[in-house]
Amino acid sequence: VLYPAAESIEAQCRLLADLAFLVRDYDLALGLYKMARDDFKHDGAHGHCAAAYEMMALCLFLLHGPGAPPRGAAGGQGHHMGAAQAAAMAPALS
């Protein structure tokens, strides 16, 4: 599927997302890439959808860093645990 930039909402959304990424507004870029991804997925444009996913991953990496657990992940809950809770669980883990 080809999206002419001047005529297609999807292509304009992707261009705006790229511009937001270039000016380091990663929150805005992430939201726009998500919108474009949904449109590309609905249209069956798998190459464009994959590129949007790639840029979303870059935005998330630049926003949260390499060591941040993914949002909503069950494994990331221990990251937010207080020191007292971690000490109380230490004997149970041994």
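This structure is a prediction, so every number in the text was calculated from the model and none was measured.

What about the side chain of Arg 14?
Within the element layout of this structure, Arg 14 appears in helix α1 (residues 9-22). In this structure Arg 14 touches Tyr 33, Phe 40, Ala 51, Ala 52 and Met 55, once residues within four positions along its chain are discounted.

Here's the deal with the packing of aromatic side chains
Inspection of the entire model under this criterion finds one aromatic pair. Geometrically, the ring pair formed by Phe 21 and Tyr 26 is edge-to-face, given 5.4 Å between the ring centres and 65 degrees between the ring planes. Each member of the pair, Phe 21 as well as Tyr 26, is classed as buried.

Side note on the pattern of salt bridges
Counted under the stated rule, the structure contains two salt bridges. Across the salt bridge formed by Asp 18 and Arg 14, the nearest N and O atoms sit 3.0 Å from each other. Of this pair, Asp 18 and Arg 14 both sit in helix α1, four residues apart, roughly one helical turn. We classify Arg 14 as buried; its relative accessible area is 19%. We note a salt bridge from Asp 38 to Arg 37, for which the minimum N-O separation is 3.0 Å. Taking the relative accessible area as the measure of exposure, Asp 38 reaches 40% and is therefore partly exposed.

What to know about α1
The terminal C-alpha atoms of α1 lie 20 Å apart, and with 14 residues this matches the ideal 20 Å at 1.5 Å per residue to within 8%. For α1, the complete set of buried residues consists of Glu 10, Ala 11, Cys 13, Arg 14, Ala 17, Ala 20 and Phe 21. Those residues of α1 that are buried are in contact with α2 (26-43) and α3 (46-64). Directly after α1, the chain includes Arg 24, whose backbone phi takes a positive value near 65 degrees.

A few points about unusual backbone geometry
Unusually for a residue other than glycine, Arg 24 sits at a positive phi of about 65 degrees. Topologically, Arg 24 is positioned in the loop between α1 and α2. The class of Arg 24 is exposed, set by a relative accessible area of 66%.

About the thresholds
- Residues numbered from 1 in each chain as written.
- Predicted model: local features only at pLDDT ≥ 70, side-chain atom pairs only at ≥ 80, totals over all residues.
- Heavy atoms only, no water.
- Helix = DSSP H or I, 4+ residues; strand = E, 2+ residues; numbered from the N terminus.
- Contact = heavy atoms within 4.5 Å.
- Phe/Tyr/Trp six-rings, centres within 6.5 Å; stacked < 30°, edge-to-face > 60°.
- Buried < 20%, exposed > 50% of the residue type's maximum accessible area, 1.4 Å probe, protein only.
- Salt bridge = Lys/Arg side-chain N within 4 Å of Asp/Glu carboxyl O.
- Expected span 1.5 Å × (residues − 1).

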